[in-house]
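# Structural overview
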Amino acid sequence: MSFDLTGAKGAMTGQRYIESLQDGREVWLDGERIDDVTTHPAFSGIVHEMARIYDLQHTDELRDVMTFPSPVTDNRISYSYSLPTNYDELMARKRNSELWMQESFGQLGRTPDFCSSVVCGWYDVRDELDKLAPRLAGNAADFHRYCAENDIALTHAIGDPQVDRRSTTMGENVAPDNPWVGVGGYALENPDDDQATALKVTKEVTGGIVLKGAKQLATLAPLANECLVYLSATFAGRSQNEYVQWFSIPMNTPGLVTLCREPLSQNPGSYGHPFSQRFDEQDAMMYFNDVFVPWDHVMMLYDSDAATRLLGRVNVLAGYSSNIRLYERIRTFVAVATMLAEANEINEIRDVRDKLGELVSYVEMIRLAIRGMDADAHLTSGGVMVPGDGFALGIFAAQISKRVLDILQQIGGMELLAQPSENDLANRELRPYLDKIIGNGDYAATEKRVRLFRLAHDLCMSAFATRQEVYEYWHRGDVTRNRSNLYGRYDRGQVVERINKLFTKPM
Ligand SMILES: Cc1cc2nc3c(=O)[nH]c(=O)nc-3n(C[C@H](O)[C@H](O)[C@H](O)COP(=O)(O)OP(=O)(O)OC[C@H]3O[C@@H](n4cnc5c(N)ncnc54)[C@H](O)[C@@H]3O)c2cc1C
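Each chain carries its own residue numbering, running from 1 in the written order of its sequence. For this predicted model, a pLDDT threshold of at least 70 governs which residues receive local features, and a threshold of 80 or more governs which side-chain atom pairs are given and counted, while totals over whole chains, interfaces and linings are taken from all residues.

### Observations regarding the overall build of the protein chain
Where helices and strands are cited, they refer to DSSP runs of H or I of at least four residues and of E of at least two residues respectively, numbered from the N terminus. The helix and strand inventory of the protein chain stands at 19 helices and 14 strands. The globule rule used here is 2.2 Å times the number of residues to the 0.38 power, and the radius of gyration it is set against is calculated over C-alpha atoms. Relative to the globule expectation of 23 Å for 507 residues, the C-alpha radius of gyration of the protein chain, 24 Å, shows essentially globular dimensions. Expressed along its principal axes, the backbone C-alpha trace of the protein chain runs to roughly 75 × 75 × 50 Å. Each of the 507 residues in the protein chain was classed as buried or not, and the buried ones make up 45%. Whether a residue is buried, exposed or partly exposed is read from the other C-beta atoms within 10 Å of its own C-beta, which are placed from the backbone; 20 or more gives buried, 12 or fewer gives exposed, and intermediate counts give partly exposed.

Given below as C-alpha cells:
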C-alpha cells in the first residue's frame, strides 16, 4: 500500500477540518491572495456549517448513522466512503447522504458525500484501471482507502474552459467525420493548435507527471482537501492523449491556483441572508501551473476510450447522492412556500394550493424516482452494490430548476423584496411603523415574519438563489447533450416493432 495510514484518524471532526484548510493553498479572491480561508468572511459561514456537520459524526445520536467501523483500521469512517456490497449496506449509505442533505437543506452541491462517491466509483472500476496501466495498478483501491481513513473533503474539476471550444459543429448528428467530436458531440481542441488552454500532461518525470492548463470550475475548491480531476462526458472523447487524465491533487500543491468567483455570503446583518451566509460553497476556476502529481495519485492516463466507457460507472453513486440532495432542496421549497402562504393567509385559496400542489408533485416524483433507483439496485462487476440508473431524474431536475423559484416568487409576492433590515428593526423611531405594516401591531410577529420572508428571498430571489438555480441546471452537464444521449440509448425497438406489425394488417 502506497499510502501510510498510521496517522489516519477516521471520520473528520470540525476542528480537524478547519485545521486541514490552513495549509498554504493558493486561493485568490477579488485580486488578493487569501492567507486563511477559514477566517475570511467570504468563507467562514460555510466552513462553520461543514465543521458543524462533521462534528455530528461523533455525537451519540448520529455516530452510527454517519460512520461505521473501518474494515482495516481501528477508525470509524464516514458512510460517504462506504462500499456497499448488499442492499442493506446501500440503504445505510443512503441514510448518511440524507443526513448531510437535510442538515444543509439541500443547498450544498459539494457536501463531501458527493465527490467521495466518485472515489468509490474509481474503486468500483479498479480492476479495469489496473489492467489498462500496470504501473498504476492498485492506485484506485489505495486512494479510496486513504480518503476513507482520513475523511478527505473533495471537489472535482471535469470540464475545459469555455474559451477552449473551437467547434464549428453544433451537436451529435453533425460532422461524423470530425475526429474531435466528443461523446456529447462537441469538437474539442484542435490538435494543431498548441495555444489550447485545457489541462494536459506536459511531461513524465521520476515519480509522477507534470501538468499545465486550466479547468473550468470546481465547486468547494478553496474549502476542499483535494481536487479530483477527470473528464465529463463532453470532454472524455479526445484525439490527443495528453488531455486525458484521472487523478487527485491536494489543494496546497505548488502551482495549483484557485481563482474564486464573487462571494454571495457577504451581506449586512446576521439573519438577512440565512442560506447565502451558511451555504455559499464557492465555485472557482483552477489553473495548473506546471503542477507535479505523484504516481500514487494517478488513476488513469492517456486513454480516451476508457475515460468514456468507464465514466457512467464512476458517476453512479455521486449521481445518487445528488438526487438525494435534490429531494431535500425541493422539500425545502414546499416547506417555505407553505409557510409563506400561511403567513399571508392564502393557504386555503385554490390558485395558491394549485401551486403548492405542483411543488409537492415534484417532490413526490423525485421521491418515487429515488425509490425506483433503490429497487433497481444491483451488484457491479467490481463488487459494489449501486442504485439503478437515475440519469433521467437529473434531466428532470434541470427542467424544474427555474420553475420552483417562480412558484415561490408568485406565492410570496411583493414582501419577498421589501423587507426591513436588522438596523431598521432595531431603530425605536421606525419600529412602531414596522410593527404596524408587517406584524399587524404585534412586536414578536414582525420579527418572525421578516425572518421568514428574508429566508424565502434567499431561496428564490437573491444572487445566491440564482446561483443555486444555475447549479441545478448545469452541474450534471449540458442538458441538451444529456437529453440527446438519453434518447440515444433508450430502447424504442419493442414498441416500434409492434407498430410495424400493426401496419402489416389490413386497414
Ligand atoms: C454553479 C455551478 C457549479 C459547477 N460546479 C462544477 C464543479 O464542481 N466541477 C466541474 O467540473 N464543473 C462544475 N460546473 C460546470 C458544469 O459542469 C458546466 O456548467 C456544464 O457541464 C455545462 O458546461 P458549460 O457551462 O461550459 O456550458 P457549455 O457546454 O459551453 O454550453 C453552453 C451552451 O452552448 C451550447 N454549446 C456549447 N458548445 C457546443 C457545441 N460544440 N455543440 C453544441 N452545442 C454547444 C450548449 O448546448 C449550451 O446551450 C459547475 C457549473 C455551475 C453553473
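Moving on from the coordinates now.
### Quick look at the sheet that holds strand β9 (residues 245–250)
Spatially, 4 strands are ordered β5-β8-β9-β12 in an open sheet, and the strand pairing comes out mixed. If you trace the sheet from one side to the other, it starts and ends with β5 (154–157) and β12 (298–301), each paired once. In this sheet, neighbouring strand axes are inclined to one another by 25 degrees on average, regardless of whether the strands run parallel or antiparallel. For two strands to be treated as a pair, DSSP must find at least two bridges joining them. Of the strand pairs in this sheet, β5 and strand β8 (residues 226–229) are connected by 4 bridges, and their pairing is parallel. Along β8, the bridge assignment pairs Thr155 with Cys227. Each residue is represented by a C-beta atom placed from its backbone, and any two residues with such atoms within 7 Å are regarded as in contact. Interaxial angles span 0 to 180 degrees and are taken between N-to-C directions of axes, which are lines fitted to C-alpha atoms, for helices over the stretch in contact. Its contacts with the sheet place helix α5 (residues 112–124) against β5, β8 and β12, and it is angled at close to 70 degrees to β5.

### Topic: the sheet that holds strand β2 (residues 32–33)
Each strand in a sheet pairs with another by means of backbone hydrogen bonds, the pair being arranged parallel or else antiparallel. Read across the sheet, 6 strands follow the order β2-β1-β10-β11-β7-β6 without closing on themselves; strand pairing throughout is mixed. The two strands at the open ends of the sheet, each matched to only one other strand, are β2 and β6 (200–205). Where strand β1 (residues 26–29) lies against β2, 2 bridges are found, and the strand directions are antiparallel. Bridge assignment links Leu29 to a residue of β2, and that residue is Glu32.

### Observations regarding unusual backbone geometry
Of note in this structure, Phe105 is not a glycine but carries a positive phi near 55 degrees. Inspection of the secondary structure puts Phe105 in the loop between α4 (87–103) and α5. According to the C-beta neighbour criterion, Phe105 is buried, with 21 such atoms within 10 Å. Backbone geometry at Gln282 places phi at a positive 65 degrees, although glycine is not the residue there.

### Points about the pairing of β6
In the case of a regular strand, side chains alternate between the two sheet surfaces. Two elements, β6 and strand β7 (residues 208–219), share 5 bridges in a ladder whose sense is antiparallel. In the sheet register, Val201 faces β7, and the bridge partner there is Leu211. The hairpin formed by β6 and β7 contains 2 residues between the paired strands, and Gly207 there has a positive phi angle of roughly 90 degrees.

### Brief notes about the environment of Leu29
The topology assignment puts Leu29 in strand β1. Separated by 348 residues in the primary sequence, Leu29 and Ala377 place their C-alpha atoms 43 Å from one another. The contact partners of Leu29, leaving out residues within four places of it in the chain, are Ile34, Ala42 and Cys260.

### Regarding the packing of helix α12 (residues 350–375) against helix α13 (residues 391–412)
Packing of α12 against α13 leaves a shortest axis separation of 11 Å and a crossing angle of 155 degrees. Overall, the two elements α12 and α13 adopt an arrangement that is roughly antiparallel. Here the hand of the crossing between α12 and α13 comes out left-handed. Together, Val352, Lys355, Glu358, Leu359, Tyr362, Met365, Ile366 and Ala369 of α12 and Leu393, Phe396, Ile400, Val404, Ile407, Gln410 and Ile411 of α13 make up the contact between the two elements. For the contact of α12 with α13, the per-class residue count stands at 12 nonpolar, 1 polar and 2 charged. Orientation categories follow fixed angle ranges, with anything under 35 degrees roughly parallel, anything over 145 roughly antiparallel, 65 to 115 roughly perpendicular, and all other angles oblique. The sense of a crossing depends on the near helix, which, turned anticlockwise from the far helix by less than a right angle, makes the crossing left-handed and, turned clockwise, makes it right-handed. Amino acids are sorted into nonpolar (Ala, Val, Leu, Ile, Met, Phe, Trp, Tyr, Cys and Pro), charged (Asp, Glu, Lys and Arg) and polar (every other residue, Gly among them).

### Here's the deal with the nonpolar core
Each nonpolar core reported here comprises buried Ala, Val, Leu, Ile, Met, Phe, Trp, Tyr and Cys residues connected via C-beta atoms within 7 Å. In this structure, Val119, Trp122, Cys227, Met299, Leu408, Ala456 and Leu459 are the most contacted members of the largest nonpolar core, which totals 123 residues. No other element matches helix α11 (residues 311–343), which puts 14 residues into this core. Not counting chain neighbours up to four residues away, the residues in contact with Ala456 comprise Val336, Leu340, Leu408, Gly412 and Leu416.

### Focus: helix α19 (residues 493–504)
Every helix has an expected span of 1.5 Å times one less than the residues it contains. If you check α19, its first and last C-alpha atoms are 17 Å apart, about what 12 residues at 1.5 Å a residue would give, namely 16 Å. Of all 12 residues in α19, 0 are buried; the element is thus mostly exposed.

### Observations concerning the packing of α11 against helix α16 (residues 443–460)
Where α11 meets α16, the axes come as close as 10 Å, and the angle between the chain directions of the two elements is 140 degrees. Classed by the angle they form, the pair α11 and α16 counts as oblique. You can see that α11 and α16 cross each other, and the crossing is left-handed. Between α11, through Phe333, Val336, Met339, Leu340 and Ala343, and α16, the contact on the second element is made entirely by Arg449, Leu452, Leu455, Ala456 and Leu459.

Purely geometric stuff here, so don't read any function into it on its own.
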